[in-house]
Amino acid sequence: MTDDADAAAQTDTTAVSRRRMLGGSMLAGLAGTAVGAAGGGFAGYAAATASGGSAGGGDDTVDLRRSYPFYGQGHQGGIATLPQRYAVFMSFSLAAGAGRADLQALLARWSAAGAVLQQGKPVGTVQPQVDVQPPTDTGEAYGLSPASLTVTIGLGPSLFGDRFGLAARRPAVFTELPPLDGDNLDPRLHGGDLSVQACADDPQVCYHAVRNLARLGRNIVFPFWAVLGFGRASAGPGQLTPRNLLGFKDGTRNIASDAEYARFVWVDNSDQAWMNGGTYQVVRKIRMLLETWDVDRIGNQQKIFGRTKTEGAPLSGKAEFDTPNFSAKDADGNPLIDPLSHVGLAARENNDGIMIRRRSYNYTDGLDANGQLNAGLLFISYQKDPNDFIRLQNRLGAHDLLNEYIRHIGSAIFAIPPGPQEGHFIGQSLFS
Ligand code: HEM
């Protein structure tokens, strides 16, 4: 059997609803009876399939068999895709000697590999016939399901210089991010020539994808900085709104409809035609000061966000999806939602209607040198104009009540070309 056929034969058929499994095992414990895992899983899958897609609509099901096509989608995956549970983001630096042809070869190689990986297949041979050959796939995802993997590839502003003959192909809006309010950047976590975002419902599948792309790019690119994300901090249609590490629901008000994607995310009228159908990716590694946050009063935590903690309702309403009313006041005439709260500053109502697609993950790097929890938010946003992010971040960075508890330590921006047709690679038209 070939590696590919073998992997396909071993495809995992697990469909697991976390809530149902939890509910099922708790009931089983109470009743003293065994609940068959397969039965619970199947029931979860059926329920998910039937539940359709209202925003935040009560299901939390993962079907590890699911895979997404890489080619012919117009846009790259991992942007409008229903957020998967895990992510690995890696920023790469080009080797000093790498030239234009190397860059093209790299993008072609990465695209071909992305297409194979998204099908849950190895990118090469895990166990070569000849003992003296190294494996060409590292093997840790061998036999695992596709797990909804998406591979998203980005190009840094540094590529658009004379070195690659691309200076004339830079879209006017695409430059390095300027210094922003709230920056506390570590130079080791700043920028990059290329980016790979791999998202999947299995962390091993994400890691395998990025690791193998790094291996395929050896001698052309080197890994620069990376973040491993978990607990998706944004939701898609039909998904429960997840929580960030501050314990608040994150992603309640986010870009969701095709009309909002068309208006705020997909580039459609660029001065550089190769970017149409693409978008711009902003990545911020935001550390949270969790020990300090954990001793803050609940009243203050809610004031900081302008939302309640358990329900996630705006302080002017009762339910999570109530529209915030920024002019509502309490009996003393004070606004129910503080204008300097996170949502008070970030909401479209207070920013000339601007929206960005947030697609963040929680991260942890364990403990820092002082034994403090080293964790936070891998903030990733997509927007058709980087200035929309810049404007929001400058407002938040200067005024947000949340700033006492967070530090923006990593930052980068990348152009995300449109998704390729079969037989083509990401960014190909940039070189023609
Ligand atoms: C650690 C950092 C951050 C945390 C913990 C955080 C958390 C949250 C939470 C809990 C909400 C309310 C629920 C929701 O509507 O999704 C929210 C909303 C939002 N956040 Fe953040 N956020 C962070 C950073 C940022 C950054 C850097 C930006 C952009 C520059 C941003 C932009 C927004 C926007 C646009 C909204 C929606 C506001 C609305 O329309 O009501 N956030 N965030």
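Description of the structure in this document. Predicted model, so just to flag it, every value in this text is computed and none were measured.

In this structure, A147 takes a positive phi of about 55° despite not being glycine. Looking at the element boundaries, A147 is found in the loop between α4 (100-118) and β4 (150-155). In the Ramachandran plot, D352 falls in the positive-phi region, its phi being about 50° despite a non-glycine side chain. For D352, the location among the structural elements is in the loop between α9 (342-346) and β8 (357-358). The exposure class of D352 is exposed, given its relative accessible area of 66%.

The side chains of a regular strand alternate, first on one face of the sheet and then on the other. By the criterion of burial, strand β10 (residues 373-383) is predominantly enclosed, with 10 of the 11 residues buried. The pairing of strand β7 (residues 279-288) with β10 spans 9 bridges and is classified as antiparallel. Paired with Q281 across the two strands is Y382, which belongs to β10. Bridge count between β8 and β10: 2 bridges; the pairing is antiparallel. The residue of β10 that forms the bridge with R357 is Y382. Linking strand β9 (residues 361-367) to β10, which pair antiparallel, is a turn of 5 residues; within it G371 sits at a positive phi near 80°.

The next point concerns the coordination of the iron atom of the ligand. Four donors placed tetrahedrally about a metal ideally form angles of 109.5 degrees, and six donors placed octahedrally ideally form angles of 90 or 180 degrees. Of all protein atoms, H342 (NE2) alone acts as a donor to the iron atom of the ligand, lying 2.1 Å away. Tracing the backbone shows H342 in helix α9.

To continue, consider helix α10 (residues 386-399). For α10, spanning 14 residues, the distance from its first C-alpha to its last is 20 Å, which sits close to the expected 20 Å at 1.5 Å a residue. For α10, the full list of buried residues reads P386, D388, F389, I390, L392, Q393, L396 and G397. Sitting at the amino-terminal end of α10 is D385, which places a side-chain oxygen 2.9 Å from the backbone nitrogen of N387.

Conventions used here
- Residues numbered from 1 in each chain as written.
- Predicted model: local features only at pLDDT ≥ 70, side-chain atom pairs only at ≥ 80, totals over all residues.
- Heavy atoms only, no water.
- Helix = DSSP H or I, 4+ residues; strand = E, 2+ residues; numbered from the N terminus.
- Buried < 20%, exposed > 50% of the residue type's maximum accessible area, 1.4 Å probe, protein only.
- Pairing = 2+ DSSP bridges.
- Donors = N, O, S within 2.8 Å, 3.2 Å for Na, K, Ca; no water.
- Expected span 1.5 Å × (residues − 1).
- Polar contact = N/O pair within 3.5 Å; in protein donor to acceptor, adjacent residues only side chain to side chain.

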